[in-house]
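Okay, here's what each chain looks like letter by letter:
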Amino acid sequence: MKQRTLLKQLSEYFRRSKEWNRPYFEALLRFWDTLSISAKLSVLMAGLILVMTAFFYGFAVYQTTREIKISAIHKGEAVAEALKDEVAYVLVAGNFPSLNYSFRRLASSRNDIAYVYLLDTKGQILSDSDADNVGRMLSDRMTQESLSDPGTRVRFSRRDTDGDGHLSDLCDVSVPIIAKGHRAATLHIGLSLTRYLTSNAPRIRAKIAWF
């Protein structure tokens, strides 16, 4: 019943819209008839150029966004690989404050790294670039999926990482940490695509303009 009502409302809306736009459409046809053949060709060519420009602009934006995401994934994996040995050692030694310092230094020294944190097998934060988060239990869907995934997992999302109400596009790379032959923890690297776009805006604009 609801679907029929919705279809009826949509049909009525399109019918009224057609009636409202008919005078404008007829006026446009009369104006088109008054144009010479050369003028019509000029209008058609201008329209074709406009469509092609919009297409290439859209393609440039898509290609640039794709390259940024691929770059973020590679960087997240590289950072995780560089931290693996230190994290495995800390898991054995239990010196988590030193790991907090390493994570904080890494996140503050690079504009596009939003956060770095380490989870135990139950989802509790063992170390974090923001020390205030240490000890928190995470039970959200992304965390559960990363804990259950045997390999590297990549996820794109939008989150308020700075707590100022502004959402940032993020690439989260989670990597399992193996110690003594079994999974001991999961390392998360968060890269801000928004910060990357901001810091590389001139280069990205130049690339889009080239396209």
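Residues numbered from 1 in each chain as written. Predicted model: local features only at pLDDT ≥ 70, side-chain atom pairs only at ≥ 80, totals over all residues. Heavy atoms only, no water.

**Describing the sheet that holds strand β2 (residues 125-128)**
Item 1. Reading across the sheet, the five strands line up as β2-β1-β5-β4-β3 and stay open at both edges, with antiparallel pairing between neighbours. Strand pairing shows two members of the sheet lacking a second neighbour, β2 and β3 (153-159), which therefore form its edges. Strand-to-strand twist across the sheet, computed as the mean angle between neighbouring axes with direction ignored, equals 25°.
Item 2. Inspection of the sheet shows strand β1 (residues 113-119) paired to β2 by three bridges, in the antiparallel sense. Across the sheet, Leu118 pairs through a bridge with Ser127, a residue of β2.
Item 3. Packing of helix α2 (residues 37-93) onto the sheet brings it into contact with β1, β2, β3, β4 (168-179) and β5 (182-192), and relative to β4 it is tilted by some 35°. (Pairing = 2+ DSSP bridges. Helix = DSSP H or I, 4+ residues; strand = E, 2+ residues; numbered from the N terminus. Axes fitted to C-alpha atoms, helices over the stretch in contact; angles between N-to-C directions. Contact = heavy atoms within 4.5 Å.)

**Thoughts on the packing of aromatic side chains**
Item 1. For the structure on display, the rule yields two aromatic pairs.
Item 2. Ring centres of Phe55 and Phe56 lie 5.4 Å apart, and the angle between their planes is 70°; this geometry places the pair in the edge-to-face category.
Item 3. Under the relative-accessibility criterion, Phe56 is labelled partly exposed at 37%.
Item 4. Stacked on the ring of Phe156, the Lys or Arg Lys69 has its end atom at 5.0 Å from the ring centre. (Phe/Tyr/Trp six-rings, centres within 6.5 Å; stacked < 30°, edge-to-face > 60°. Buried < 20%, exposed > 50% of the residue type's maximum accessible area, 1.4 Å probe, protein only. Lys NZ or Arg CZ within 6 Å of the ring centre and 35° of its normal.)

**Some remarks on the side chain of Ser174**
Item 1. Examined against the element boundaries, Ser174 turns out to sit in strand β4.
Item 2. Filtering out sequence-adjacent residues up to four positions away, Ser174 remains in contact with Ser146, Gly151, Thr152, Arg153, Thr186, Leu187 and His188.

**Re the environment of Asn133**
Item 1. Structurally, Asn133 is set in the loop between β2 and α4 (141-148).
Item 2. A C-alpha to C-alpha distance of 9.0 Å links Asn133 and Tyr117, two positions 16 residues apart in sequence.
Item 3. Ignoring anything within four residues of it in the chain, the contact list for Asn133 reads Ile125 and Asp128.

**Considerations on the confidence of the model for the chain**
Item 1. On average, residues of the chain score 83 in pLDDT, and 88% of them reach the 70 mark or higher.
Item 2. Averaged over each element, pLDDT in the chain is lowest for helix α6 (residues 201-210) (71) and highest for β2 (94). (pLDDT = per-residue confidence, 0-100.)

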